Amino acid sequence: MPQNNKTIFIGSDHAGFSVKADLIEYLGELGFKVEDCGAYSAERFDYPLAAQKVCAGVLESKAKGILVCGSGIGMSIAANRFKGIRAALCTHEFHARACRNHNNANIICLGERLTAPAMCRELVKIFLESEFEGGRHEQRVELIEKF
């Protein structure tokens, strides 16, 4: 994979715990060092807490992040509150590729209740393999960062 930083920050709430556990195993198989930011069981865990931990790790290390909740919506809203985070809810291969190519997303958000584990693995793989194209997209990302 073209990513230089082999650390991934991952977090979920209780509704995304199973997919998160599966992705931790998958990322290990791909040779990534995984920083688990919770939830640590299927007991209630509020998604903003996991989002905060993942965003802090991503911002500090310039690594990529993964957030999983029931729909992926709550995680994407929470994560995008942090300056410097560009979190994208992905449900399709095109989303996972375009959010990196065009938007330089640094966090992928997934919904366990909407996306099968095998598809989550594929979306994460595409997200991690895709690169920011820059060019005409650079100015747009810079405008977002000024907000």
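Up top you'll find the structure we're talking about.
A few points on the structure.

Quick notes on the rules
Residues numbered from 1 in each chain as written. Predicted model: local features only at pLDDT ≥ 70, side-chain atom pairs only at ≥ 80, totals over all residues. Heavy atoms only, no water. Helix = DSSP H or I, 4+ residues; strand = E, 2+ residues; numbered from the N terminus. Buried < 20%, exposed > 50% of the residue type's maximum accessible area, 1.4 Å probe, protein only. Contact = heavy atoms within 4.5 Å. Phe/Tyr/Trp six-rings, centres within 6.5 Å; stacked < 30°, edge-to-face > 60°. Lys NZ or Arg CZ within 6 Å of the ring centre and 35° of its normal. Core = buried A, V, L, I, M, F, W, Y, C linked by side-chain atoms within 4.5 Å.

## Notes on the side chain of Thr115
In step 1: Its place among the elements puts Thr115 in the loop between β5 (107-111) and α5 (117-129).
In step 2: Exposure remark for Thr115: the relative accessible area of 5% places this residue in the buried category.
In step 3: Residue contacts for Thr115: discarding those within four places in its chain leaves Thr91, Cys120 and Leu123.

## Digging into the packing of aromatic side chains
In step 1: With the rule as written, the count across this model stands at zero aromatic pairs.
In step 2: Cation over ring: Lys6 sits above Phe32, and NZ or CZ is 4.1 Å from the ring centre.

## Quick word on the nonpolar core
In step 1: Counting 22 residues, the largest nonpolar core has Leu23, Leu27, Ile66, Ile108, Leu110, Val124 and Leu128 as its most contacted members.
In step 2: Contributions of two or more residues to this core are made by β1 (7-12), α1 (17-29), β3 (64-69), α4 (93-101), β5 and α5.
In step 3: A total of six residues in this core trace back to one element, the largest contributor, which is α5.
In step 4: Setting aside residues no more than four positions away along its own chain, Ile108 makes contact with Gly65, Ile66, Leu67, Ala88, Cys90, Ala96, Leu123, Val124 and Phe127.
In step 5: Residues Phe45, Ala51, Val54 and Cys69 belong to the second largest nonpolar core, which totals 19 residues.

## Quick word on unusual backbone geometry
In step 1: Along the chain, Gly38 connects to Ala39 via a cis peptide bond; the corresponding omega equals -5 degrees.
In step 2: With respect to the helices, strands and loops of the structure, Ala39 is situated in the loop between β2 (33-36) and α2 (47-61).
In step 3: A positive phi is found at Lys62, a non-glycine position, where the angle reads about 65 degrees.
In step 4: Following the sequence through the fold, Lys62 ends up in the loop between α2 and β3.

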